[in-house]
Amino acid sequence: MSETVLQLDNVEFRRNRRVIITDVNLTIHAGERWVLFGPNGIGKSTAVGMLATRTFPSEGKVFILGHQLGKYDVFKLRTRIGLASAALGRQFPEGEDPLNAVVTGLSAVTGKWHDEYTDEEYARARQLLRDFSVGYLEGKQMWRLSEGERTRVLIARALMGDPELLIMDEPTTGLDLGGREQVMRTLSRIGREASNRAVVLVTHRLEEIPEGFDHIAIMGRKAVSAQDATEDGVDSMGNPSAGTIIYTGSLEEGLTDERLSELFNMPIEVEHSHGRWAAYAV
Ligand SMILES: Nc1ncnc2c1ncn2[C@@H]1O[C@H](COP(=O)(O)OP(=O)(O)OP(=O)(O)O)[C@@H](O)[C@H]1O
């Protein structure tokens, strides 16, 4: 069995007296390609916040690259993790050059400030921008980019440090059809590459699962205990029940009509063809 890259043991996360996710257990090994799938608001980004060392669990333990979150310097861990998320995209100084947004992925900081990078490092950053067809953005400003452009810059940045763990939170959201398919091709390439990199891709759409990703963790709501339940399916405080992981395993076995129908509370039919997935209410 290859090395464990990520391990969540009975993780719970609470905010403002609300349990957002609970009983989350997940183990990811080197070289595995995972999809974290679930409906809106179930807690995927909350989980990603921990995987990317941005937030800490209220209960339970998170181990990342052999170190327990909260007991190890997160800045050391961050240089080994590539992260692309909309939240990260909002952290850059307004006028940041996209080329710098990519090269600073090496030190996992947003904003070049006083850091210096070598010519080789800049050459790699330029190549990554070209790989995503956005080489023309060099010299522009991050805050002026279209959503699609910013997404591609963020994926390029996430790959800059050749990370052992790559996390992409909804990387194709906001892209037009051409942009989405272009990013999907790159993600499929990342999915199929022969490397020890562990990859976690977060999405709430089956259509956005690239080829090469073969493990899935599906999030759903934990049943509300009988004493807390109300007729609307919310707890006594008016909050929806906590999110949790309801399935981990292969995509084929996980993405069934029955499981998705139950998850979205409507009859759903899943299709799988040409290596891609789709689902419709029937
Ligand atoms: N800082 C916070 N304080 C309070 N509640 C929060 C906070 N962050 C998230 N939430 C709530 O936690 C729940 C889970 O949010 P999260 O963003 O993790 O879901 P998600 O599965 O990523 O959703 P989506 O697919 O819509 O992006 C939501 O109901 C959200 O409103």
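Computed from a predicted structure; not experimentally measured.

J.: Honestly, the domain arrangement of the protein in this entry has me stumped. Any pointers?
T.: Interface size is commonly expressed as the accessible surface area that is lost when the partners come together. Domain annotation for the protein reports domain 1 (1–80 + 163–178 + 192–282) and domain 2 (89–162). Look at where the C-alpha atoms of domain 1 and domain 2 centre, and you get two points 27 Å apart. Each partner contributes to the interface: domain 1 provides eleven residues, whereas domain 2 provides eleven residues. Where domain 1 abuts domain 2, roughly 940 Å² becomes buried across the two surfaces, and 60% of that area is made up of carbon and sulfur atoms. The largest share of the area that domain 1 buries against domain 2 comes from Thr79, Pro163 and Leu175, three residues that together contribute 40% of it. Counting every contact that joins domain 1 to domain 2 gives one salt bridge. Note that Asp162 and Arg197 form a salt bridge whose closest N and O atoms lie 3.1 Å from each other. Joining domain 1 to domain 2, the criterion identifies one residue pair in polar contact (both at pLDDT 80 or more). Class assignment for the residues of the side of domain 1 that touches domain 2 results in five nonpolar, three polar and three charged.

J.: Please explain the site of the ligand as it appears in this structure.
T.: Near the ligand lie 14 residues; those nearest to it are Arg15, Gly41, Lys44, Ser45 and Thr46. Contacts to the ligand include Arg15, whose side-chain N or O atom sits 2.8 Å from a nitrogen atom. Within the side chain of Thr46, one N or O atom sits 2.6 Å away from an oxygen atom of the ligand. Protein coverage of the free-state accessible area of the ligand, which is 640 Å², stands at 64%. Mapped by element, the contributors of at least two residues to the shell around the ligand are strand E2 (18–29) and helix H1 (44–51). At three residues, H1 tops the list of elements feeding residues into the shell around the ligand. Across the shell around the ligand, the residue classes tally to three nonpolar, seven polar and four charged.

J.: Just to check I follow, could you spell out the layout of surface pockets for this structure?
T.: The method is simple in principle: a probe with the dimensions of a water molecule rolls over the atoms, and the space it marks as empty is what remains. Approximately 490 Å³ is the volume attributed to the largest pocket. As for the largest pocket, its lining consists of 23 residues, and the residues nearest its centre are Ser85, Ala86, Ala87, Leu88 and Asp169. Where the lining of the largest pocket is concerned, the elements lending two or more residues are H1, strand E6 (81–84), helix H3 (86–89) and helix H6 (147–160). Classifying every residue of the lining of the largest pocket gives ten nonpolar, seven polar and six charged. Per-domain counts for the lining of the largest pocket show at least three residues from each of domain 1 (1–80 + 163–178 + 192–282) and domain 2 (89–162).

J.: Which parts of the structure should I look at to understand unusual backbone geometry?
T.: One can expect most non-glycine residues to show negative phi and most peptide bonds to be in trans. Notably, Arg17 is not glycine yet its phi reads approximately 65°, a positive angle. Inspection of the secondary structure puts Arg17 in the loop between strand E1 (4–15) and E2.

J.: How do you make sense of the packing of aromatic side chains when you look at a structure like this?
T.: If you walk through the whole model with that rule in mind, you get two aromatic pairs. Residues Phe37 and Phe264 carry aromatic rings whose centres are separated by 6.3 Å and whose planes lie at 65° to one another, so their mutual orientation is edge-to-face. Of this pair, Phe37 sits in strand E3 (residues 33–37) while Phe264 sits in helix H9 (residues 257–264), and the two are 227 residues apart along the sequence. Take Phe264: its relative accessible area is 28%, and that puts it in the partly exposed class.

J.: Looking at this model, I keep getting lost on the pattern of salt bridges. Mind explaining?
T.: Should the charged atoms of two oppositely charged side chains come close, the side chains can pair. Summed over all chains, the structure comprises eleven salt bridges. The partner of Glu181 in a salt bridge is Arg180, with the nearest N and O atoms 3.0 Å apart. Looking at Glu181, the relative accessible area reads 25%, which means it is partly exposed. Residue Arg192 is joined to Glu211 by a salt bridge in which the shortest nitrogen-to-oxygen separation is 3.5 Å. Highlighted residues: Arg192 in helix H7 (residues 177–192) and Glu211 in the loop between strand E8 (198–203) and strand E9 (215–221), separated in sequence by 19 residues.

J.: Explain the environment of Ala52 here, please?
T.: With respect to the helices, strands and loops of the structure, Ala52 is situated in the loop between H1 and strand E4 (59–64). According to the relative accessible area criterion, Ala52 is buried, its value standing at 2%. Along the primary structure Ala52 and Glu258 are separated by 206 residues, whereas in three dimensions their C-alpha atoms are 32 Å apart. Excluding residues that lie within four positions of it along the chain, Ala52 makes contacts with Arg78, Leu83 and Ile167.

J.: Just to check I follow, could you spell out the pairing of E6 for this structure?
T.: Regular strands place their side chains on alternate faces of the sheet. Here E6 shows a buried face lined by Ile81 and Leu83 and a second buried face lined by Gly82 and Ala84. Of the strand pairs in this sheet, E6 and strand E7 (residues 165–169) are connected by four bridges, and their pairing is parallel. The residue of E7 that forms the bridge with Ala84 is Met168.

Cut-offs and rules
Residues numbered from 1 in each chain as written. Predicted model: local features only at pLDDT ≥ 70, side-chain atom pairs only at ≥ 80, totals over all residues. Heavy atoms only, no water. Domains from an automatic or database assignment. Contact = heavy atoms within 4.5 Å. Buried area = accessible area lost by both parts, 1.4 Å probe. Salt bridge = Lys/Arg side-chain N within 4 Å of Asp/Glu carboxyl O. Polar contact = N/O pair within 3.5 Å; in protein donor to acceptor, adjacent residues only side chain to side chain. Nonpolar A, V, L, I, M, F, W, Y, C, P; charged D, E, K, R; others polar. Near = heavy atom within 4 Å. Areas by Shrake-Rupley, 256 points an atom, 1.4 Å probe, with all protein chains shown as cover. Helix = DSSP H or I, 4+ residues; strand = E, 2+ residues; numbered from the N terminus. 1 Å grid on protein atoms, 1.4 Å probe; cavity = no way out; pocket = protein on both sides within 12 Å on 5 of 7 lines; lining within 4 Å. Points joined across faces, edges and corners; volume = space filled by probe spheres on them. Phe/Tyr/Trp six-rings, centres within 6.5 Å; stacked < 30°, edge-to-face > 60°. Buried < 20%, exposed > 50% of the residue type's maximum accessible area, 1.4 Å probe, protein only. Pairing = 2+ DSSP bridges.

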